[in-house]
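Commentary on secondary and tertiary structure
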Amino acid sequence: MAHQHATAAAGRGGGSMEIVPYSYSSGRDLELELPPFDVKRQDSLYRDATMPAHAGHHGQESWVRTLRLAFQCVGILYADLGTSPLYVYANTFKYGVKHEDDVLGVLSIIIYSFILFTMIKIVFIALYANDDGDGGTFALYSLISRYAKVCLIPNQQAEDELVSRYKHRGKPSATLRRAQWIKNLLETSKAAKISLFFLTILATALAISDSMLTPPISVLAAVNGLKLRAPHLTTDAMVWITVAILVVFFSVQRFGTDKIGYTFAPVVFVWLLLISGIGIYNTVKYDISTLKAFNAKYIIDYFRRNKKKGWVSLGEILLCFTGTEALFADLGYFSIRSIQLSFTFSLLPSVLLTYIGQAAYLRKHMDRPDIIPNIFFESIPTSLFWPTFVLALITSVIGSQAMVSCAFATMSHLQALNCFPRVKILHTSRRYSGQLYSPEVNIFLCIAACVVTISFRTTGFIAKAHEICVVLVMVITTLLMTIVMLLVWKVNIWWIAIFFVVFMSTESIYTAAVLYKFTHGPYVPVAMSAVLMFIMIVWHYVHVKRYKYELEHTVSRDEAKDLLERRDLKRVPGLGLFYTELVQGIPPIFPHLIEKIPTIHSVIVFITVKNLPVPHVDVMERFLFRQVEPKEFMVFRCVARYGYHDALETAGDFVKILVEYLQYYVRDLNLYGVGGDEPLKIVFHSARVDSFSWERKPSGHAIYAEEMLTPAQSFSELTMHPVSMSSRLAHFQTGKMNLEEMLKIEEDQKIIQREVDNGVVYIIGESELVAKPHSNLLKKIIVNYVYSFLRKNSRNGEKMLYIPRGQLLKVGMTYEI
């Protein structure tokens, strides 16, 4: 005798479905009974939410893959941080060194700022606050939205709530109660939702602005080294050389981060080895006592001696960790372990040794203020100048890669949350789905970087603009990280307090120093960010208004039935896919279509492509189906769920997958959801299970097809393990099964396939949005002009969905919002 017990969970409610223990032996009947149950869906959302924060698609990586990614990290992430020694001292001491210990004070600030903000905060804390392997400010927002309903668009479904592992089954604790309080605050306070959204898009806009500034300052700083060997070169010549290099750099982005990483990594690796070697050489040759800067007392002495000027200089000193946020934002390209490994053993020692070596050289040559503008190249041994210059130029070019990659990833997030006009997003690597490229964004960044270079002309002015982007993103990351610790991690309150106090206090000092110089350059990225934020706010505001309008004007069940039963309504062959943004109900544009053209296809499926706040959704959990009454009209609702890093299939591939899972749904609908309120009882005859019968028991609840484990995973597949009966059940072998129900399944599936063969038509609602006549002037300008302009100049919906023009039908309607 053998025994088997299984428990499965699916769809709606918090209960469980239990397959009770059964036994079998030769000549005996095997009885398997389903007791009353509510089902809960075990899908990718549930698995994502129940994984550790650092798990996901990077969780079980091999060391070979880790080393390969660590090697790529050097080329993609660290070139920006690795080229910061080109301009940090030059901008900090642009007015000369007043006291020899000022060099030690600045060096000490650099050492501890780099360790505190880059190593501790980002590499060893923030990377673990990832969204299933994806990092950055938007990933933090997505992670928070999985644990609290902070989204401003009311399209959450019961199935989506399963992504949260917040449902704690243990004993109540102070930590859990605190997390519950934070959750309630975020969900019930509109001000809290708007503030969280505002901070997120501000950080996003600043990151994109930073992507415009990083290439000019990095490349221009390297090109300026030519003045030591070619003093006849003018500033205009330097600027145009920089512009030419930037154009070449952005033109190769289309080849993908994967290829760029392998191409650039050896160069950056050699660069880090070279500058660390030069740093050791300068330290030993000029002033070994520079190592005293590891004593933090020199920081106190520096501020005591320089007072306000010392505080203001923090704006230039923070340039030493520009590119730090890209480590977090570009996590989707790599993995936590690969970043930590390459950072600790490659970047950290190389950069610190370079700063120490430069400080030793500067202390020795304090009497020569003319060397400060090019202090990095001045400190290079003469015999190594040209190799160092060439490597510096190449590394500064690819130092922009981290921020450019960050901009592509950020734009993907914005698209998923409907916060920006539609642009083309391409996946450049089949192996690593987080590696993205956007042609429109790339062209925009290229033009902006060239304009900044031509306009500013010097690294000093660009540096001032660069500072505010860095420091504000740091502050916002700290705020969102604190919420994650309270809501998601639920760690001890004292650890949260230490994190918040330490980082917020130090970052506030840096922020104040940067804002003090606001009129000297920081207004440029603020202006850029303001424009981007305005676009994001307008687009998201109108999108929310449009969704609420359609939600308020959805077609009721009775109205839908009346529409489908109209005598003048004609059915034409084929499958009609009607795209809508509503996740529930029928959109108001459908009766508008029937009113103008009283004709619909033999099979209609209302499709909603929905992005969930997770990076990826498995195909088996992608589709949620419902059938619209009356059933004989073959009208269905479908929500196709994607993660914000999932690539949309082409229209043909999408239809194949959709039809496959629709067939499964029709099968399960007839098997488990055909009226009645009784649970199923399945009786198997003989150990060989050559036949079986099924019947209903009184009382209990019906099993609805949309509540099954997955569309493809029927009850028969749950019982396959003990006696290898999957093939028997899958083919519904002869026995006492209701023949009428079997024929009904076969008939409905044949109808669907026949209509697919007759042709597929994609129907998209092109609703024109206008403000209501009584709206105020500002709303009319935003909706009627700004949003209309943005929409006309963004990619059309059919292009984003890869719909062929020959099969496209657009339905126009005007919404007054």
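Every value quoted in this text rests on a predicted model; they were computed, and no experiment measured them. (Residues numbered from 1 in each chain as written. Predicted model: local features only at pLDDT ≥ 70, side-chain atom pairs only at ≥ 80, totals over all residues. Heavy atoms only, no water.)

1. Considerations on the confidence of the model for the protein
Taken over all residues, the pLDDT of the protein has a mean of 77, while the share at 70 or more is 78%. Note that pLDDT drops below 50 for residues 163-172; the model gives that stretch 24 contacts with residues more than four away or on any other chain. A low-confidence stretch, residues 674-736 (pLDDT under 50), is modelled with 166 contacts involving residues beyond four sequence positions or located in other chains. (pLDDT = per-residue confidence, 0-100. Contact = heavy atoms within 4.5 Å.)

2. Thoughts on the pairing of strand β6 (residues 570-579)
Bridging between β6 and strand β7 (residues 599-612) involves eight bridges; their strand directions are parallel. For Lys570, the partnering residue across the bridge sits in β7 and is Thr599. As defined by bridge partners, β6 adjoins strand β12 (residues 760-770) across five bridges and the pair is classed as parallel. Residue pairing across strands places Leu575 opposite Val760, the latter belonging to β12. (Pairing = 2+ DSSP bridges. Helix = DSSP H or I, 4+ residues; strand = E, 2+ residues; numbered from the N terminus.)

3. Focus on the packing of helix α11 (residues 297-312) against helix α20 (residues 493-516)
In a pair of packed helices, the angle between the axes and the distance between the axes together describe the arrangement. The interhelical angle for the contact between α11 and α20, taken along N-to-C directions, is 80°, at an axis separation of 7 Å. With respect to α20, the axis of α11 lies roughly perpendicular. Between α11 and α20, the residues in contact are Lys308, Trp311 and Val312 and Ile509, Ala512, Ala513 and Tyr516, respectively. Partitioning the contact of α11 with α20 into residue classes produces six nonpolar, no polar and one charged. (Axes fitted to C-alpha atoms, helices over the stretch in contact; angles between N-to-C directions. Parallel < 35°, antiparallel > 145°, perpendicular 65-115°, else oblique. Nonpolar A, V, L, I, M, F, W, Y, C, P; charged D, E, K, R; others polar.)

4. Remarks on the packing of aromatic side chains
One pass over the full model with this rule turns up 35 aromatic pairs. Aromatic side chains Phe117 and Tyr510 sit 5.7 Å apart centroid to centroid with 80° between the ring planes, which places their arrangement in the edge-to-face category. Here the residue Phe117 occupies a position in helix α5 (residues 100-123), and Tyr510 occupies one in helix α20, the gap between them amounting to 393 residues. Each member of the pair Phe117 and Tyr510 is classed as buried. An aromatic cluster is built from Phe623, Phe625, Phe636, Phe654, Tyr661, Tyr664 and Tyr665, whose rings are joined through pairwise contacts. The ring centre of Phe385 lies 4.1 Å from the NZ or CZ of Arg229, which sits over that ring. Positioned above the aromatic ring of Tyr298, the side-chain terminus of Lys297 is 4.4 Å from the ring centre. (Phe/Tyr/Trp six-rings, centres within 6.5 Å; stacked < 30°, edge-to-face > 60°. Buried < 20%, exposed > 50% of the residue type's maximum accessible area, 1.4 Å probe, protein only. Lys NZ or Arg CZ within 6 Å of the ring centre and 35° of its normal.)

5. Let's talk about the environment of Ala296
With respect to the helices and strands, Ala296 occurs in the loop between α10 (257-286) and α11. Ala296 sits in the partly exposed class, given a relative accessible area of 37%. Remark: the alpha-carbon pair of Ala296 and Tyr112, spanning 184 residues in sequence, is separated by 8.2 Å. Not counting residues up to four positions away in its chain, the partners in contact with Ala296 are Ser108 and Tyr112.

6. Notes on the sheet that holds strand β9 (residues 635-643)
Strand order across the open sheet formed by six strands is β8-β9-β7-β6-β12-β13, with mixed pairing between neighbours. Only two strands of the sheet have a single partner each, and these edge strands are β8 (623-628) and β13 (808-816). On average, each strand axis in the sheet is tilted by 25° relative to the strand beside it, whichever way the strands run. With nine bridges joining them, β12 and β13 adopt parallel strand pairing. Its bridge partner lying in β13, Glu768 is registered against Thr814. Packed on one face of the sheet, helix α23 (residues 589-596) meets β6, β7, β12 and β13 and runs near 115° to β13.

7. So, the pattern of salt bridges
Inspection of every chain in the model, using the stated rule, returns 16 salt bridges. The partner of Arg622 in a salt bridge is Glu649, with the nearest N and O atoms 3.0 Å apart. Of this pair, Arg622 sits in the loop between β7 and β8 while Glu649 sits in the loop between β9 and α24 (651-672), and the two are 27 residues apart along the sequence. The class of Arg622 is buried, set by a relative accessible area of 5%. When its relative accessible area of 17% is taken as the criterion, Glu649 is described as buried. Several salt bridges converge on common partners, so that one network encompasses Asp101, Asp287 and Arg363. (Salt bridge = Lys/Arg side-chain N within 4 Å of Asp/Glu carboxyl O.)

8. Quick notes on unusual backbone geometry
Keep in mind that most residues, glycine aside, have a negative phi and that most peptide bonds are trans. The phi dihedral of Lys307 falls on the positive side, at around 50°, and the residue is not glycine. Lys307 sits in the exposed class, given a relative accessible area of 58%. The phi torsion at Met634 lies on the positive side, around 55°, for a residue other than glycine. With respect to the helices and strands, the residue Met634 is situated in the loop between β8 and β9. Take Met634: its relative accessible area is 6%, and that puts it in the buried class.

9. Considerations on a nonpolar patch on the surface
A cluster of nonpolar side chains, contributed by Tyr112, Ile280, Val284, Ile288, Leu291 and Phe294, occupies part of the molecular surface with about 550 Å² of accessible area. A relative accessible area of 44% means that Ile280 is categorised as partly exposed. (Patch = residues over 30% accessible without salt bridge, like charges linked within 9 Å, V, L, I, M, F, W, Y side chains within 5 Å. Areas by Shrake-Rupley, 256 points an atom, 1.4 Å probe, with all protein chains shown as cover.)

10. What to know about helix α16 (residues 385-398)
Along its 14 residues, α16 runs 20 Å from first to last C-alpha, staying within 8% of the 20 Å computed at 1.5 Å per residue. With ten of its 14 residues buried, α16 lies for the most part within the structure. Every buried residue of α16 is accounted for by Phe385, Thr388, Phe389, Leu391, Ala392, Leu393, Thr395, Ser396, Val397 and Ile398. (Expected span 1.5 Å × (residues − 1).)

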